[in-house]
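# Remarks on the overall topology
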Amino acid sequence: MNSIRVRLGVLGLALLTGFTTPTAASAAQAAPAPTVEEQRLGRAAPQEILRRSGFDTVAPRLARALEGARSYGEARRAVSREGARLWQRAVDRAQGRGPAGGDLSRDDDRPLYWARLGMTRDVRTWEPEFGLTDGQRAALLDELERSSRGQDAIRYPHGKGLKRILLTGFDPFTLDRDIRISNPSGATALALDGTVIATADGPARIETAVFPVRWQDFTEGTVERTLRPHLPKVDLFTTVSQGRVGRFDIERTNGAWRGGFGDNDNIGRTGTVPVTDPASQPQWTTTTLPHAAITAAQTGRFPVYDNTSVTEIPAGATEPVVRPDGPTPGSAARAGGGGDYLSNEIAYRATLLRDRLGLRGTLPGGHVHTPVLQFGTGNTTEVTDPEFVRNRLDIIAQVRAILKVAAEES
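Fair warning: this is a prediction, and the values are worked out from it, not measured in the lab.

## Quick word on the overall build of the protein chain
Secondary structure summary: the protein chain contains twelve helices and 16 strands in total. C-alpha atoms of the protein chain, sized along the principal axes, occupy 60 × 50 × 50 Å. Summed over all atoms, the accessible surface of the protein chain reaches about 16300 Å², with 52% contributed by carbon and sulfur. A distance of 3 Å separates the average location of the 51 positive side-chain charges in the protein chain from that of its 48 negative side-chain charges.

## Topic: the environment of V123
Turning to its location among the elements, V123 is positioned in helix 5 (residues 110-125). In the structure, V123 is positioned 15 residues away from A138 in sequence and 9.3 Å away in space, judged by C-alpha atoms.

## Some points on the nonpolar core
Ranked by size, the top nonpolar core spans 67 residues in total, and within it L66, W114, V123, L167, F248, I294 and L403 carry the most contacts. Top contributing element to this core by residue count: helix 4 (residues 72-94), with nine residues. Beyond its immediate stretch of four places on either side in the chain, F248 contacts F302, P303, V304, Y305, V368, H369, T370, P371, I395, Q398, V399 and I402. Core analysis: the next-biggest nonpolar cluster, separate from the first, contains 22 residues, I154, F237, L353 and L359 among them.

## Some words on the sheet that holds strand 15 (residues 332-335)
The strand order across the open sheet built from three strands is 14-13-15, with neighbouring strands paired in antiparallel fashion. Pairing within the sheet leaves two strands with one partner each, and these edge strands are strand 14 (321-323) and strand 15. Between one strand axis and the next, the sheet turns through 45° on average, direction left out of account. Summarising the sheet, strand 13 (residues 310-313) and strand 15 pair through three bridges and their orientation is antiparallel. From the neighbouring strand, T311 faces strand 15, where its bridge partner is A335.

## Side note on the packing of helix 3 (residues 58-67) against helix 4
Where helix 3 contacts helix 4, the two axes come as close as 9 Å, and the packing angle between them is 160°. Judged by the angle between their axes, helix 3 and helix 4 are roughly antiparallel. The hand of the helix 3/helix 4 crossing is right-handed. Along its contact with helix 3, which presents V58, R61, L62, A65 and L66, the element helix 4 presents A75, A78, V79, R81, E82, R85, L86 and R89. Its residues assigned to classes, the contact of helix 3 with helix 4 comprises eight nonpolar, no polar and five charged.

## What to know about helix 7 (residues 184-192)
Among the nine residues that make up helix 7, nine are buried, leaving the element largely enclosed by the rest of the structure. Of all the positions in helix 7, only P184, S185, G186, A187, T188, A189, L190, A191 and L192 are classed as buried. G194 lies just past helix 7 and shows a positive phi near 75°.

## Some words on the environment of E345
In this structure, E345 sits in helix 11 (residues 342-356). Sequence separation between E345 and R258 is 87 residues, and the spatial gap between their C-alpha atoms is 7.5 Å. If sequence neighbours within four positions are ignored, E345 has contacts with W215, F218, R258 and V273. A distance of 2.8 Å separates polar atoms of two side chains, one belonging to E345 and the other to R258.

## Digging into the packing of aromatic side chains
According to the stated counting rule, one finds eight aromatic pairs in the structure shown. Judged by centre distance (6.0 Å) and plane angle (45°), the rings of F173 and Y341 are tilted. With F173 in the loop between strand 3 (163-170) and helix 7 and Y341 in the loop between strand 15 and helix 11, this pair connects stretches of sequence that are 168 residues apart. Summarising the aromatic geometry, the rings of F375 and F388 are spaced 4.1 Å apart at their centres and angled 10° between planes, so their arrangement reads as stacked. Here F375, found in the loop between strand 16 (365-370) and helix 12 (386-409), pairs with F388, found in helix 12; they are 13 residues apart in sequence, far enough to count as distant. Look at F375 and you get buried, because its relative accessible area is 15%. Each residue in the set F173, W215, F261 and Y341 is aromatic and connected to the rest through ring pairs, giving one cluster.

## Some remarks on the sheet that holds strand 12 (residues 304-307)
As summarised here, the arrangement of the seven strands in space is 4-5-3-6-16-7-12, forming an open sheet in which the pairing is mixed. Taken across any chain shown, the strands that pair with only one partner, and hence form the sheet edges, are strand 4 (196-199) and strand 12. On average, adjacent strands in this sheet sit at an angle of 25° to one another, irrespective of strand direction. Bridge count between strand 4 and strand 5 (residues 202-211): four bridges; the pairing is antiparallel. Paired with I197 across the bridge in strand 5 is A204. Sheet contacts for helix 7: strand 3, strand 5, strand 6 (236-242) and strand 16; angle to strand 3, the most-contacted strand, approximately 145°. The strands touched by helix 12 within the sheet are strand 3, strand 4, strand 5, strand 6, strand 7 (248-251), strand 12 and strand 16, with strand 4 carrying the most contacts at an inclination of about 50°.

## Details of unusual backbone geometry
The phi angle at N266 is positive, at roughly 60°, despite the residue not being glycine. Position of N266 among the secondary structure elements: in the loop between strand 9 (257-259) and strand 10 (270-272). With a relative accessible area of 46%, N266 lands in the partly exposed category. If you check the backbone angles, D277 has positive phi at about 50° while not being a glycine. As for its placement among the helices and strands, D277 is situated in the loop between strand 10 and strand 11 (284-286).

## Some remarks on the pattern of salt bridges
Overall, the coordinates contain 34 salt bridges when judged by the stated rule. The partner of E82 in a salt bridge is R61, and the shortest N-O contact between them spans 2.9 Å. With E82 in helix 4 and R61 in helix 3, this pair connects stretches of sequence that are 21 residues apart. For E82, a relative accessible area of 5% gives the class buried. Within the structure, one salt-bridge network assembled from shared partners comprises E37, R116, E145, R149, D171, R214 and D217.

Calculation rules
- Residues numbered from 1 in each chain as written.
- Predicted model: local features only at pLDDT ≥ 70, side-chain atom pairs only at ≥ 80, totals over all residues.
- Heavy atoms only, no water.
- Helix = DSSP H or I, 4+ residues; strand = E, 2+ residues; numbered from the N terminus.
- Areas by Shrake-Rupley, 256 points an atom, 1.4 Å probe, with all protein chains shown as cover.
- Lys, Arg positive; Asp, Glu negative; His and termini not counted.
- Charge placed at Lys NZ, Arg CZ, Asp CG, Glu CD.
- Core = buried A, V, L, I, M, F, W, Y, C linked by side-chain atoms within 4.5 Å.
- Buried < 20%, exposed > 50% of the residue type's maximum accessible area, 1.4 Å probe, protein only.
- Contact = heavy atoms within 4.5 Å.
- Pairing = 2+ DSSP bridges.
- Axes fitted to C-alpha atoms, helices over the stretch in contact; angles between N-to-C directions.
- Parallel < 35°, antiparallel > 145°, perpendicular 65-115°, else oblique.
- Left-handed = near helix turned anticlockwise from the far one by under 90°.
- Nonpolar A, V, L, I, M, F, W, Y, C, P; charged D, E, K, R; others polar.
- Polar contact = N/O pair within 3.5 Å; in protein donor to acceptor, adjacent residues only side chain to side chain.
- Phe/Tyr/Trp six-rings, centres within 6.5 Å; stacked < 30°, edge-to-face > 60°.
- Salt bridge = Lys/Arg side-chain N within 4 Å of Asp/Glu carboxyl O.

The structure is reproduced here in structure tokens:
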């Protein structure tokens, strides 16, 4: 059994586990320190969330598996297996299967988020005796991210008469403002993955995946890599994220601009959204969701808006202006309807991919912004409360109702 070093991390004492690899020890490179995102894991709220859901056993299980690995291949198989196990466990918990593991409500997305960070921290900081190159470590982390986010588990049954819907959500974010934050889009992804909606046109199967709130992952193409194999085969897709207080928005237009707001590693990026073939990159993409039908329908207690506003630099001008009715010809994007953060970017990337695949005229797709998930009045310290749970459940139910309308109108 390979020895594993234990070091003091930024968060305090952390179990650091590692891989084995056939690479010679002389080729090994020092393990990096935990990321800013991973360093938050040692705080009281994340630990309480993990304990009250039973997900505090997830990272130690991976640590034991890695300790027993005798090659890089064994380590990679362990990472893939445990990542997929985490995703399925989170989906099962959200959908009422298996033990709850504690008193935290089943609809909570945060156990998945914090358990994954425990796993990535262990992988990132592990130093096996036989050595691990930067490339091998990166490949293991990539495998863990994909498998624990459901990105490689999108599968639809064969056969006719079944519509196929693809939905994406996000991790919690702005955690330095409030470490307790949950993201209703991630909770929705867990609650709806693999479920079937009965529509007027027949059943519709939903498959989901969750994405990180990190600029670099988007730069490296995680959205396109995940969605490209499936967009030609689905009947409807929507990216989902948390948006404004007290309302849903169907974002009409997405902009090719990053506004610089810090991500979960407190890194900001400003500039044009980086994509392949930038010479053919448009400044704007548009939704093909049936926005009029969605906003007219009674889908839940939150109002749903058709948001047409953007921020642009008009052709020949130098200063940005807000356009309530959408962009003008030849303008440069500075914010889509969904802003200039990663929610706008995933919408831009997904709809640009739709268009580049030649599916704009046939595939309904776009972005849905949910209401901000709020705690109950006066709750500034507790990780949950009844109003918080009710708000999240109502948002999940309303997204499902929006999908039903979209599927019937498409």
